[in-house]
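Now for the letters of each chain:
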Amino acid sequence: MTKSNSISKRVYGRGSAPGKIILLGEHAVVYGRPAIAVPVSDVRAHATVQPGRHGTGIVIHALDIGRHYLLDAVPPTDPIACVIREVLAHCGLPSHLDIDITITSDIPIASGMGSGAAVATAVVRALATALACPLDDAMVSEIVYKSETLLHGTPSGIDNTVVAYERPIWFVRGRPPAPFSVGGTFHLLIADTGVPSPTRTTVGDVRMAWERDTERYEALFDAIGELVQAARSALQQGDALHLGTLMQRNHTLLREMGVSAEANDRLVEAALEAGAYGAKLSGGGRGGNVIALVAEEQRAPVAHALEAAGAVRLLSTTLTPEDAP
Ligand code: PMV
């Protein structure tokens, strides 16, 4: 019996990974200021590895999109094929194992929630477990980063880090992303405006505006950088009231930068009126998601207000000190 056959008879593994959102600092992060991203653990990608049934090699079943394909039949640029090959190489195993990898995810796609990174992370974890080849979070993140480069060209590395560590991440471009722990419980609501979020467009528009009026935009970025610093302390101290104020100021600065839209402002206002500590757009802006920080008892009224104001999908997540190992 070959090594690959003996492995494929006993493999079985599961892996999962959360979605993510940017809490503060988007856009300014492109200009060297810090940003904070947090995991959204209530929506997840899942992967299962089982012995193959057909003796055909590695078969990937992407159930949500109804796609079933052989690893060897897709180009090496396929992000899932990429992470599978990386894990096998790292663990010193051949790529002709007979296994089935099944993937599902309830993370909204193409909405700044890191669904690609989460799916890749779930696959890496399931495979590593099945092959009895333990990988630490840093290694998982490094492998997933490779698939992110196939999807996004030159990704910042924030998505694979926050998803692999499942902890808040302090991020400054060009430096290794730093996971950190929160010192209290923070309840977040994530409301989709229903307006597709053209991150590329808003990033380009900010670039043009910055070129026209560098001084003003640099001042806006500096102000955001300062409040992101303060937000890290608020998170570490468990101070939701202060964090809410900082998120609110961040939204105002993003508006001044020209990346908000009526749909974002409407949801932000609704959340505040219903008693949120703070609310802001998250990610590229001009649509996409709005996030609201709420006390536990405000979660239901704020969620209701967001829906009444036109949110097309609502998610909620909670950051707790237990998120840290
Ligand atoms: O929506 P997301 O999570 O892809 O965030 C975009 C964040 C920006 O700062 C607007 C762009 C970037 O590349 O950092």
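Numbering of residues starts from 1 in every chain and runs along the sequence as written. In keeping with the model being predicted, local features are shown solely for residues with a pLDDT of at least 70 and side-chain atom pairs are shown and tallied solely at 80 or more, while totals for entire chains, interfaces and linings include all residues. Side-chain metrics rest on all non-hydrogen atoms present in the structure, leaving aside hydrogens and water.

Here's the deal with the pattern of salt bridges
- By convention in these notes, a salt bridge is any Lys or Arg side-chain nitrogen within 4 Å of a carboxyl oxygen on Asp or Glu. In total, this model carries 14 salt bridges according to the counting rule given.
- With a closest N to O distance of 2.9 Å, E26 and K280 form a salt bridge. Of this pair, E26 sits in the loop between strand 1 (13–24) and strand 2 (35–51) while K280 sits in strand 9 (residues 278–282), placing them 254 residues apart in sequence.
- Burial classes: relative accessible area under 20% of the type maximum marks a residue as buried, over 50% as exposed, and values in between as partly exposed (1.4 Å probe, protein chains only). On the accessibility criterion, E26 (2% relative accessible area) is buried.
- Look at K280 and you get buried, because its relative accessible area is 0%.
- Among the ionic contacts, a cluster of salt bridges with common partners joins R33, E218 and D222. Numbered from the N terminus, helices here are DSSP runs of H or I no shorter than four residues, and strands are runs of E no shorter than two.

Section: the environment of A276
- Mapped onto the secondary structure, A276 falls in the loop between helix 9 (262–273) and strand 9.
- Looking at A276, the relative accessible area reads 9%, which means it is buried.
- Residues A276 and M247 lie 29 residues apart in sequence; the distance between their C-alpha atoms is 11 Å.
- Ignoring sequence-local partners within four residues, the contact set of A276 consists of A271, A292, L293, V294 and V302. Contacts are assigned to residue pairs that have any heavy atoms within 4.5 Å of one another.

Observations regarding the site of the ligand
- If a single non-hydrogen atom of a residue is within 4 Å of a molecule or strand, that residue counts as near it. For the ligand, the full set of nearby residues is K20, I22, E26, H27, V29, V30, G112, T199, V203, G283 and G284.
- A distance of 2.8 Å separates an oxygen atom of the ligand from a polar atom in the backbone of H27.
- Whenever two N or O atoms come within 3.5 Å, that pair is a polar contact, provided that in protein one can donate a hydrogen and the other can accept it, and provided that, for residues adjacent in sequence, both atoms are side-chain atoms. G112 has a polar backbone atom sitting 3.4 Å from an oxygen atom of the ligand.
- Protein chains bury 72% of the 380 Å² of accessible surface belonging to the ligand in isolation.
- Looking at the shell around the ligand, the elements with two or more residues in it are strand 1 and helix 6 (199–212).
- Of the residues that constitute the shell around the ligand, the class distribution is four nonpolar, five polar and two charged. Here, Shrake-Rupley sampling with a 1.4 Å probe gives the accessible areas, and only protein chains in the shown set may cover a residue. In this classification, Asp, Glu, Lys and Arg are treated as charged, Ala, Val, Leu, Ile, Met, Phe, Trp, Tyr, Cys and Pro as nonpolar, and every other residue, Gly included, as polar.

Notes on the packing of helix 6 against helix 7 (residues 214–237)
- In contact at an axis separation of 5 Å, helix 6 and helix 7 are set at 120° when each is read in the N-to-C sense. Classified by the angle their axes make, helix 6 and helix 7 are oblique. When helix 6 is examined against helix 7, the residues V206, A209, W210, E211 and R212 are found in contact with a partner set consisting of T214, Y217, E218 and F221.
- Residues of the contact of helix 6 with helix 7, tallied by class, amount to five nonpolar, one polar and three charged. Axis definition: a line fitted to C-alpha atoms, limited for helices to the stretch in contact. Angles are taken between N-to-C directions and run from 0 to 180 degrees. For classification, angles of less than 35 degrees are called roughly parallel, those exceeding 145 degrees roughly antiparallel, those between 65 and 115 degrees roughly perpendicular, and all remaining angles oblique.

Concerning the packing of aromatic side chains
- Each Phe, Tyr or Trp ring (for Trp, its six-membered ring) is paired with any other whose centre lies within 6.5 Å, and the angle between the two planes then decides the class: stacked below 30 degrees, edge-to-face above 60, tilted in between. Following the criterion strictly, the structure yields three aromatic pairs and no others.
- For the ring pair Y31 and W210, a centre distance of 5.2 Å and an interplane angle of 50° mean the geometry is tilted. Remark: W210 occurs in helix 6 and Y31 occurs in the loop between strand 1 and strand 2; sequence separation between them is 179 residues.
- Pairing Y217 with F221 gives two aromatic rings, centres 6.1 Å apart and planes at 70°, and the pair type is edge-to-face. A residue pair is termed a helical-turn pair when its members lie 3 or 4 positions apart in one helix, as Y217 and F221 do in helix 7 at four residues. Of the two residues examined, Y217 and F221, each falls in the buried class.
- Clustering of aromatic rings is evident, with ring pairs tying together Y31, W210, Y217 and F221.
- It is R67 that lies over the ring of Y69; its NZ or CZ is 3.8 Å from the centre. Should the NZ of a Lys or the CZ of an Arg lie within 6 Å of a ring centre and within 35 degrees of the ring normal, that charge is described as sitting over the ring.

Brief notes about the pairing of strand 3 (residues 59–62)
- Here strand 3 shows no split at all, with V59 and H61 on one side and I60 and A62 on the other all buried.
- Any two strands with at least two DSSP-identified bridges between them are counted as paired. Sheet topology note: the strand 3/strand 4 (residues 67–70) ladder contains four bridges and is antiparallel. In the strand pairing of strand 4, I60 is matched with Y69.
- The sheet contact formed by strand 3 and strand 5 (residues 99–105) spans four bridges and is parallel. Bridge pairing in strand 5 places I60 opposite I101.

Let's talk about the nonpolar core
- Residue types Ala, Val, Leu, Ile, Met, Phe, Trp, Tyr and Cys, when buried and joined through side-chain atoms within 4.5 Å, form a set referred to as a nonpolar core. By size, the foremost hydrophobic cluster in this structure holds 89 residues, and its most contacted members are L23, L24, I36, I84, I101, L235 and L243.
- Among the elements that line this core, the one with the most residues is helix 3 (residues 115–130), at eleven residues.
- The next biggest cluster of nonpolar side chains, apart from the first, holds 18 residues, and it includes A191, A271, A276 and A305.

Some words on the sheet that holds strand 11 (residues 313–319)
- Here four strands make up an open sheet; going across it, the order is 9-10-8-11 and the pairing antiparallel. The two strands at the open ends of the sheet, each matched to only one other strand, are strand 9 and strand 11. Neighbour-to-neighbour, the strand axes of this sheet turn through a mean angle of 25°, independent of strand direction.
- Relative to strand 10 (residues 289–294), strand 8 (residues 186–192) runs antiparallel, the two sharing six bridges. Paired with A191 across the strands is V290, a residue of strand 10.
- Its contacts with the sheet put helix 8 (residues 240–257) on strand 8, strand 9 and strand 10, and the angle it makes with strand 9 is roughly 45°.

Remember, this is a structural readout, not a statement about activity or role.
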